[in-house]
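Okay, here's what each chain looks like letter by letter:
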Amino acid sequence: MNNTSDSSASDRSSEQSCSAVAAYLVEHYGLATPVDVRELEPGANRNFLITTQDQRYVYRIYTDHDFYVRNPEAYRYELDLLAYLKEFKLAVPEPVKRLDGQRLSTLDAESGRPAPWRDGACSALFRFFKGEEHVTWYPEVKEPVVISFGAAVAEIHQRADQFPRPYCRHHFDLQYLLDGPLQTLESILKERRGENLSFFKDYADHMRRQINALGKGKDIYGLIHADLHVGNILYHPDNGYCILDFDQCAFGWRAYDVATFKYNIIETVPDHLTDEIWRCFLEGYNQVRPLTRQELDCLPVFANAWTLWDIGETLVLATQWGGHRPDLVEGDLTQDEYLDEAVETLRGMV
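So, how was this worked out
Residues numbered from 1 in each chain as written. Predicted model: local features only at pLDDT ≥ 70, side-chain atom pairs only at ≥ 80, totals over all residues. Heavy atoms only, no water. Helix = DSSP H or I, 4+ residues; strand = E, 2+ residues; numbered from the N terminus. Buried < 20%, exposed > 50% of the residue type's maximum accessible area, 1.4 Å probe, protein only. Contact = heavy atoms within 4.5 Å. Salt bridge = Lys/Arg side-chain N within 4 Å of Asp/Glu carboxyl O. Axes fitted to C-alpha atoms, helices over the stretch in contact; angles between N-to-C directions. Parallel < 35°, antiparallel > 145°, perpendicular 65-115°, else oblique. Left-handed = near helix turned anticlockwise from the far one by under 90°. Core = buried A, V, L, I, M, F, W, Y, C linked by side-chain atoms within 4.5 Å. Pairing = 2+ DSSP bridges. Expected span 1.5 Å × (residues − 1). Nonpolar A, V, L, I, M, F, W, Y, C, P; charged D, E, K, R; others polar.

*Asks:* Break down the overall build of the protein for me, citing the residues and quoting the values.
*Replies:* Along the backbone of the protein there are nine helices and 10 strands. Burial statistics for the protein: of 350 residues in total, 51% are counted as buried. A separation threshold of at least 6 residues defines the contact pool for the protein, and within that pool the share at least 24 residues apart is 71%.

*Asks:* Please set out the pattern of salt bridges residue by residue, giving values where relevant.
*Replies:* A complete count under the given rule lists 17 salt bridges for this structure. In this structure, Asp100 engages Arg98 in a salt bridge whose closest nitrogen and oxygen atoms are separated by 3.0 Å. When its relative accessible area of 14% is taken as the criterion, Arg98 is described as buried. Sharing partners across several salt bridges, the network here consists of Asp179, Lys201, Asp205 and Arg208.

*Asks:* Break down the packing of helix H6 (residues 254-268) against helix H7 (residues 271-288) for me, with residues and values.
*Replies:* How two helices sit against one another is set out by the angle between their axes and by the gap between those axes. Where H6 meets H7, the axes come as close as 9 Å, and the angle between the chain directions of the two elements is 160 degrees. Relative to H7, the element H6 is oriented roughly antiparallel. For the pair H6 and H7, the sense of crossing is right-handed. In this structure, H6 contributes Arg254, Val258, Phe261, Lys262, Ile265 and Ile266 to the contact, and H7 contributes Thr274, Ile277, Trp278, Phe281 and Tyr285.

*Asks:* Got a sec to walk through the side chain of Asp179? Specific residues and values, please.
*Replies:* By secondary structure assignment, the location of Asp179 is in helix H4 (residues 174-193). By relative accessible area, which is 19% here, Asp179 ends up buried. Non-local contacts of Asp179, meaning those with residues more than four positions away in its chain, are made with Leu174 and Arg208.

*Asks:* With reference to specific residues and values, describe the nonpolar core.
*Replies:* Ranked by size, the top nonpolar core spans 93 residues in total, and within it Leu81, Trp137 and Phe302 carry the most contacts. Top contributing element to this core by residue count: helix H8 (residues 293-320), with 11 residues. Residues contacting Trp137, with those up to four places away along its chain left out, are Val146, Val230, Ile233, Phe261, Ile265, Val269, Leu273 and Ile277. Counting residues in each nonpolar core, the second largest holds 18 residues, with Ala22, Phe48, Tyr57 and Leu107 among its members.

*Asks:* So what's going on with the pairing of strand E1 (residues 36-39)? Residues and values would help.
*Replies:* The side chains of a regular strand alternate, residue by residue, between the two faces of the sheet. Where E1 meets strand E2 (residues 46-51), four bridges bridge the pair, whose relative direction is antiparallel. Residue pairing across strands places Glu39 opposite Phe48, the latter belonging to E2. Between E1 and E2, which pair antiparallel one after the other, the connecting turn spans six residues.

*Asks:* So what's going on with helix H3 (residues 143-160)? Residues and values would help.
*Replies:* In an α-helix there are 3.6 residues to a turn, and that puts residues three or four apart on one side. The terminal C-alpha atoms of H3, which comprises 18 residues, lie 26 Å apart, in line with the 26 Å expected from a rise of 1.5 Å per residue. When H3 is considered as a whole, its buried residues turn out to be Val145, Val146, Ile147, Phe149, Gly150, Ala151, Ala152, Val153, Ala154, Ile156, His157 and Ala160. Residues of H3 that are buried in the fold lie against helix H2 (72-86), strand E7 (221-224), strand E8 (233-236), strand E9 (240-243), H6 and H7.

*Asks:* If you had to explain the environment of Leu107 to someone new, which residues and values would you point to?
*Replies:* Along the chain, the position of Leu107 falls in strand E5 (residues 105-107). When its relative accessible area of 9% is taken as the criterion, Leu107 is described as buried. Linking Leu107 and Ala121, residues 14 residues apart in sequence, is a C-alpha distance of 5.4 Å.

*Asks:* With reference to specific residues and values, describe the pairing of E2.
*Replies:* Bridge count for E2 against strand E3 (residues 56-61) is six bridges, and the pairing is antiparallel. Of the residues in E3, the one forming a bridge with Asn47 is Arg60. Hairpin connection of E2 to E3: four residues between the antiparallel strands.

*Asks:* Can you break down the environment of Gly43 residue by residue, with the values?
*Replies:* Within the secondary structure, Gly43 is located in the loop between E1 and E2. Each C-alpha atom of the pair Gly43 and Leu317 lies 9.3 Å from the other, and the pair is 274 residues apart in sequence.

*Asks:* Go over the environment of Pro181, please, and point to the residues and values.
*Replies:* Its location among the elements puts Pro181 in helix H4. Judged by relative accessible area, Pro181 falls into the buried class, the value being 1%. Taking the C-alpha atoms as reference, Pro181 lies 6.5 Å from Leu308; in sequence the two are 127 residues apart.

*Asks:* So what's going on with the packing of H3 against H7? Residues and values would help.
*Replies:* Orientation of H3 relative to H7, taken along the N-to-C sense of each, is 40 degrees, at an axis distance of 7 Å. What the angle tells us is that H3 and H7 run oblique. Here H3 and H7 pass one another in a crossing that is right-handed. Residue-level inspection shows Glu143, Val146, Ile147, Phe149, Gly150, Ala151, Val153, Ala154, Glu155, His157 and Gln158 of H3 in contact with H7, the latter providing Glu276, Ile277, Arg279, Cys280, Phe281, Glu283, Gly284, Tyr285, Gln287 and Val288. Here the contact of H3 with H7 is composed, by residue class, of 11 nonpolar, five polar and five charged.

The values are spatial; any link to function lies outside them.
Set out below in structure tokens:
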């Protein structure tokens, strides 16, 4: 089949998926017709932009991958947590209830398999937030907004401690954060090249010791966002900011969220702005939950742990998506080329 035919088949499949989503949302959420559905770029989940006459939403179909802890109980935890945080007017996405009062949709085998779902697929609808990335700190730092954002992250950490826990949620502990990604990377290295990560062993042991030294005491360890990079932070001058994608939220070290934000800013924002952004964020965070000296000292290790986890996620999803994950692998890198970069990144940590 030529490329034109492939493209036409893909377009037809996308149109069918969007039509099925529109009908599903009308039936189960009571959205007023007409409902326009557009699938967004691929990510860890399938996401659709939904537009009605007077509202916009994002519809998410959760996808299962071995690298994630994914099950209906975990999804319900996420959605109920967001609804709980919304009660305190915190800047998080707002899940929309179905007509039956549930926040999570599950399509079981008895319901059939209309595109784009599979049997047992879970999904959720969120109110759309109109905003953009980076405008909070580029071309200049909006100091009050960044201070407020830092305070909001700390308040999310603290409010989550009082959240009732009717469902289970996984832990971003050393096994999930460090050992799992290393095992994934080493397994692919052995399979592709007969190589191992012996060069990284001593530094990995250092990371474990430093993180273990923090302990898991109150405030230090608890519910975290677990993926607080700038792509998950939107800002609008009229509506403020919103922290997206809580689908990775888990129990972990609060300093991990702080480190993810700090070092992702360093990677993505012009150098002359990073110190001011960090100062403002830290000022706001410390107003609500002061970081300890030990937590601050551990930020570089957590930043490397986040990079390592991101590498593991990319490799797993690239394998499952036929060798390439366009939303994480920059440009036209193949999985093997990305593997080269990943190994060099780890060498740079040692």
